[in-house]
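# Fold and geometry: a report
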Amino acid sequence: MSEEIKPVEVETTVPADVEPVAAAEESVNLADKTLQELSELFQKLTESVDRMKRSKEAEAIKSAFYKRLSREKADAGEEAVVDEPGEDTPLDEATVPLQSGPVSPFAAIEQGFKSLYMEYKRARAEYNRELDAQREDNLQKKLAVIEDLKALIAEQEDMKDAFPKFREIQDRWRAIGPVPQQRFRDVNDTYQLHVEKFYDLVQINRELRDLDFRKNLEAKTQFCEQAEALGSDEDVVTAFKELQKLHEQWKDLGPVAKEFRDSIWERFRAATAVVNKRYQAHFETLKEQQVENLQKKVALCEEVEAIAEMEITGSSQWNALSRKIEEIQVKWKAIGFATKKENQKVYDRFRAACDKFFGRKREALSEFKDSMNANMEKKLAIIEEAEKLSTSTEWKVTAERLVELQKQWKEIGSVPRKKSEQLWKRFRAACDKFFAERDAHGRSTGSEYAANLQAKRALIEEINAYVNADSAADSAAAAEFSRKWNEIGFVPFKEKEAVQAAYREAMSAKFPGWGSRVPRRGEGRGNSAPRGEKRPLTEKDRLAQQYNELQQEIQTYENNIGFFGLSKGAEALKAQMQEKIDAAKQRLADLMARIRSLEENQSNE
C-alpha cells in the first residue's frame, strides 16, 4: 500500500466578513491623513523593495486619497466629483481632465497623485506579466521533469544507476519555482503518482530503498513535531502560515516504509487539525470582538451626536464640550476594528457628528467675536463720555453720572482679550481724574449747596401736600420722606437751621410722634421741635446726623469696591477700601450705642 500524500483541507483565507487586524488599523489611520500625507505615503510605497507585493496597500491609499479629495472639494464649495482611476483605466492615462472656469486648488495634487498611481500600475502590470511568464516556464520545466521520471521508470535499469538519476530528478523538481495556480494540483499529483510508482514498481536495491525511507520518516517526524509545537504557539496567525509551509515541504518528500505511512500521516494530520481549529477559533473570537467594537463605536456616535445637538450658550461651555469630544475621540482610537461591513459606515457617522459639532463651534465663535466687538464699541462710547466728564466741576451730577457709567460698564459683556485691559485702564483713568479733582475741592461747592437747598425746600412742600391715610401708609410715607431728605447733600450753612426746622415742623405736623423714634437707616435726623420753634441741635440730633451720613459713606464705599473688582491687580485698592468700610461700620456701631445711651438717660429722667 503506497503512502497517500494528500493536502489537508484548510481554510487559508480570512472569512469574508472579518477584516484582518492590520487592515483595520490601516483603514482608520488612512482616513485621518491629509492629501499631502497620503501622496507622500504612496510615494514611499513605490520606492520600497517589496512594492510589487503591496498592491492591496496601494489600493487602500488610493481609495483614502480620493475619498479625502472628494470631501475637501465639497467643503471648499467645489463639485465633489473626482476622476478616480480604476481597474479599467487605460495605463497611458495619467492626467486630470481639463476644467472650465478657475483652476481648482486641488488640481496639482490630484495630478501628482494620479501620475504616481498610474506609474505604479504600469510597473505592477509589467511585474505580473513577468511573473505569469515565469510560472508558465516553471510549468514546462516541471512537465519535463515528469516526463524524465516516466522514462526512468520505463527503462527498468539497474537500481545502482537508476537511483542516482532519481535523486537528480527530485532535486530538479524542488529547485523549480511556482507554477500557475490552476495547474498546481494537477502537476503535483502527477509527479507524486510517478514518484510512488518508482518506489513501488521498480525493483531497487532494498538497502538503498530502506535508507531513503528512513530519511523520509525522520524528516516527516520532524515535521510532525514542528506542527505539534505550532499548536501551542500564542501567535495563531503566524502558526497557521508556518503550517502551510510544512505542508508544502511534506508534499516534496518521498514516501516512508509502508508500515509507517498511515501512522505518520495521521500524526501530521492531527497536529494540523489542532492548528486549524485554533485558527478558526481565533477568527470567530475576532468576529465577536468586532461586533462588540461596533456596539461601542455606535454608542460613542450617539454620544457625540447628542452633544452636537445641544443648546450651547457660552464659550466656556463650548470649550468644555470640545474637551469632552476630544476625550471621546481618544476612546474611539482605543477601540479595535468593527465588522468589515459596518466599519467604514460607523466611522463616517462618527466623523460626521464630530464635524457637525466643530462646525457649529466655529459659527458660534464667529458670532461671539462679533458680540465682543459690539461690546467694545459700547465700552468705547462709555470711555469717551467719561473722558469728557473728567474735567467737569459739577461734582454731584457728574459723580452720579460716572457711577451710573460704572454700573453700565459692569453689565456689558466680554471684549477681545487683547483690548480688555487697555480699555479698562483708559476708563479708570478718566474716573480717577474726576474723583481726584472732586476730592481736592471738597465734597461739594457753593453752587451744589444751593441746589441741595432747593431740593430740600421742594421736599418740604411735598410733605406739606401729603394727604394722610391709615397708620401703615403714613408710616411708610414718613420713612420715604426721611430717606429722600437724607439722600440730599449739605446746604449753605446760614440756611441749615431754618430748612432743618421747616422739615421737622412739616414732618411733625403730618406724622405726629415722628420725632420721638430712634433714627434708623433711611429715617429723619433728630427729634422734632414744637411747631414754629427753632432750637439748636441736641447731642442726640448731632449723633443721628452723623449716623445717617456715615451710612451713606459706607454705601459709597461698597459700590466702589464692587467696581474695583473688574480690574486686574486691584487687590490692594480693594483691601484699602475694605479697611475703610470696616472702620466706618465700627464707628456706626459706636454712634448707635451712644444714641441708645442718651435715650436711656432721658427715659430715666
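See the structure printed just above.
Residues numbered from 1 in each chain as written. Predicted model: local features only at pLDDT ≥ 70, side-chain atom pairs only at ≥ 80, totals over all residues. Heavy atoms only, no water.

So, about the environment of Arg278. Inspection of the secondary structure puts Arg278 in helix H9 (residues 258-308). Distance from Arg278 to Val237, taken between C-alpha atoms, is 9.2 Å for residues 41 residues apart in sequence. Ignoring sequence-local partners within four residues, the contact set of Arg278 consists of Leu230, Gly231, Ser232, Asp233, Glu234 and Val236. A polar side-chain atom of Arg278 sits 3.1 Å from the main-chain carbonyl oxygen of Gly231. (Helix = DSSP H or I, 4+ residues; strand = E, 2+ residues; numbered from the N terminus. Contact = heavy atoms within 4.5 Å. Polar contact = N/O pair within 3.5 Å; in protein donor to acceptor, adjacent residues only side chain to side chain.)

What follows concerns the side chain of Lys142. Residue position: Lys142 is located in helix H4 (residues 107-155). Buried and unpaired, Lys142 has Asp252 as its nearest opposite-charge partner, separated by 5.9 Å. Not counting chain neighbours up to four residues away, the residues in contact with Lys142 comprise Trp173, Ile176, Gly177, Val179 and Val187. (Buried < 20%, exposed > 50% of the residue type's maximum accessible area, 1.4 Å probe, protein only. Lys, Arg positive; Asp, Glu negative; His and termini not counted. Salt bridge = Lys/Arg side-chain N within 4 Å of Asp/Glu carboxyl O.)

For an α-helix the count is 3.6 residues per turn, leaving residues at separations of three or four pointing the same way. Between its first and last C-alpha atoms helix H10 (residues 315-334) spans 29 Å; for 20 residues at 1.5 Å apiece the expected length is 28 Å, and the two agree. The set of residues buried in H10 consists of Trp318, Leu321, Ser322, Ile325, Ile328 and Trp332. Down the axis, H10 shows its buried residues gathered within 120° of arc, on one side only. The outward face of H10, more than 90 degrees from its buried face, is lined by the exposed residues Ser316, Val330 and Ala334. Looking at the packing, one finds that the buried side of H10 touches H9 and helix H11 (340-389). (Expected span 1.5 Å × (residues − 1). Arc of directions from axis to C-beta.)

Aromatic ring pairs are defined here through the distance separating the ring centres and the angle between the ring planes. Counted by the stated rule, this structure contains 26 aromatic pairs. Considering the side-chain rings of Trp332 and Phe350, the 4.0 Å spacing of their centres and the 10° angle between planes classify their relative orientation as stacked. Pair noted here: Trp332 is in helix H10 and Phe350 is in helix H11, with a separation of 18 residues, a long-range link. Phe350 gets classed as buried once you look at its relative accessible area, which sits at 6%. Judged by centre distance (6.3 Å) and plane angle (55°), the rings of Trp409 and Trp424 are tilted. Of the two residues, Trp409 sits in helix H12 (residues 395-411) while Trp424 sits in helix H13 (residues 417-440), which places them 15 residues apart along the sequence. Taken together, the aromatic side chains of Phe42, Phe65, Tyr66, Phe113, Tyr117 and Tyr120 make up a single cluster linked through ring pairs. (Phe/Tyr/Trp six-rings, centres within 6.5 Å; stacked < 30°, edge-to-face > 60°.)

Take the packing of H9 against H10 next. Relative orientation of the contacting elements H9 and H10 amounts to 170°, with a least axis distance of 11 Å. Relative to H10, the element H9 lies roughly antiparallel. Residues Lys297, Leu300, Cys301, Glu303, Val304 and Ile307 of H9 form the contact with H10, whose participating residues are Leu321, Lys324, Ile325, Ile328, Lys331 and Trp332. The residue makeup of the contact of H9 with H10, split by class, is 8 nonpolar, no polar and 4 charged. (Axes fitted to C-alpha atoms, helices over the stretch in contact; angles between N-to-C directions. Parallel < 35°, antiparallel > 145°, perpendicular 65-115°, else oblique. Nonpolar A, V, L, I, M, F, W, Y, C, P; charged D, E, K, R; others polar.)

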